[in-house]
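# Structural overview
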Amino acid sequence: MPYSLDKIDTQILEILQKDSNQTTKRIAEQLGMTTSPVFERIKKLEKEGYIKKYVAVLDNKKIGLKLTVFIGITLQGHTRSYLEKFVKEINDFPEIVECHRVSGNFDYLLKLVVEDIEAYETFIISKLTLLPYLGNVQSLITLSTGKETNELDLSRI
């Protein structure tokens, strides 16, 4: 039987989305609960896959990755093997931080993060365009970012 989120689970997820580095004790205090049941709920949320992993969100620019590019990809073919090969190859490129299969003008939308325009050009020439099943490639270079978050609005569920 699938696990169903209740109000407390949702509150725990909201708290962890804002700062997953908080102690169980601190989370329990915010919820007006004791530590043990909160700890058990967090473990259950992890086991059931609601929490996939914990990460540190880095400042791209501070670590020298100043350029974000979105790349729309159209493949030459749309067989299952083309799609699987493409995703497998893309997962080997550390510059690609997101890969989404989409509807519309493209088959895939990629998010690339690199040092600068020269690094982007090198990536395109030495990696991306070497994939034999590429059809069309269209790039959108980010000038600035108005919003970027991984937090989901849980009030809608």
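The preceding data block contains the structure.
A few points on the structure. (Residues numbered from 1 in each chain as written. Predicted model: local features only at pLDDT ≥ 70, side-chain atom pairs only at ≥ 80, totals over all residues. Heavy atoms only, no water.)

## What about the packing of helix α1 (residues 7-18) against helix α2 (residues 24-31)?
Here is the rule we go by: Here, axes are lines fitted to C-alpha atoms. For helices the fit covers the stretch in contact, and angles between N-to-C directions go from 0 to 180 degrees. Secondary structure elements follow DSSP: runs of H or I of four or more residues count as helices, runs of E of two or more count as strands, with numbering from the N terminus. In what follows, roughly perpendicular refers to angles from 65 to 115 degrees, roughly parallel to angles under 35, roughly antiparallel to angles over 145, and oblique to any angle outside these ranges. A clockwise turn of the near helix away from the far one marks a right-handed crossing, whereas an anticlockwise turn of less than a right angle marks a left-handed crossing. Contacts: residue pairs with any heavy atoms within 4.5 Å of one another. Under the scheme applied here, ten amino acids are nonpolar (Ala, Val, Leu, Ile, Met, Phe, Trp, Tyr, Cys and Pro), four are charged (Asp, Glu, Lys and Arg), and all others, including Gly, are polar.
Packing of α1 against α2 leaves a shortest axis separation of 11 Å and a crossing angle of 125°. Looking at the two axes, α1 sits oblique to α2. Viewed along their axes, α1 and α2 form a crossing whose handedness is right-handed. For the pair formed by α1 and α2, the contact residues are I8, Q11, I12, I15 and L16 on the first element and I27, Q30 and L31 on the second. Partitioned by chemical class, the residues of the contact of α1 with α2 number six nonpolar, two polar and no charged.

## Digging into the pairing of strand β3 (residues 108-114)
Worth spelling out the cut-off: Here the term buried applies to any residue with accessible area under 20% of the maximum for its type, exposed to any over 50%, and partly exposed to those in between, with areas from a 1.4 Å probe on protein chains only. In short, DSSP must find at least two bridges between two strands for them to pair.
Of all seven residues in β3, six are buried, a share of seventy percent or more. As judged from the seven bridges shared by strand β1 (residues 67-75) and β3, these two strands associate in the antiparallel manner. Residue pairing across strands places I73 opposite Y108, the latter belonging to β3. Taken together, the five bridges between strand β2 (residues 96-101) and β3 define a ladder with antiparallel strand orientation.

## Concerning the pattern of salt bridges
Rules: For this analysis, a salt bridge means a side-chain nitrogen from Lys or Arg found within 4 Å of a carboxyl oxygen belonging to Asp or Glu.
Counted according to the given criterion, the structure contains eleven salt bridges. With a closest N to O distance of 2.9 Å, D6 and R41 form a salt bridge. Highlighted residues: D6 in the segment before α1 and R41 in helix α3 (residues 35-47), separated in sequence by 35 residues. When the shortest N-O distance is used, the salt bridge between R41 and D9 registers 2.8 Å. Residue R41 is found in helix α3, and its partner D9 is found in helix α1; the two are separated by 32 residues along the sequence. Given a relative accessible area of 0%, D9 falls into the buried group. The network of salt bridges with common partners includes D6, D9 and R41.

## Brief notes about the nonpolar core
Short version of the rule: Only buried residues count toward a nonpolar core. Its members are Ala, Val, Leu, Ile, Met, Phe, Trp, Tyr and Cys residues joined through side-chain atoms within 4.5 Å.
Counting 21 residues, the largest nonpolar core has I71, I73, F86 and L128 as the members making the most contacts within it. Only β1, α4 (80-91), β3 and α5 (117-126) provide two or more residues apiece to this core. Ranked by the residues each element gives to this core, the list is headed by β1, at five residues. Apart from the residues within four sequence positions on either side, I73 is in contact with F86, F106, D107, Y108, L110, L128, L134, N136 and V137. Within the second largest apolar cluster, twelve residues are counted, among which are L13, I15, L16 and A28.

Purely geometric numbers; function is a separate question.
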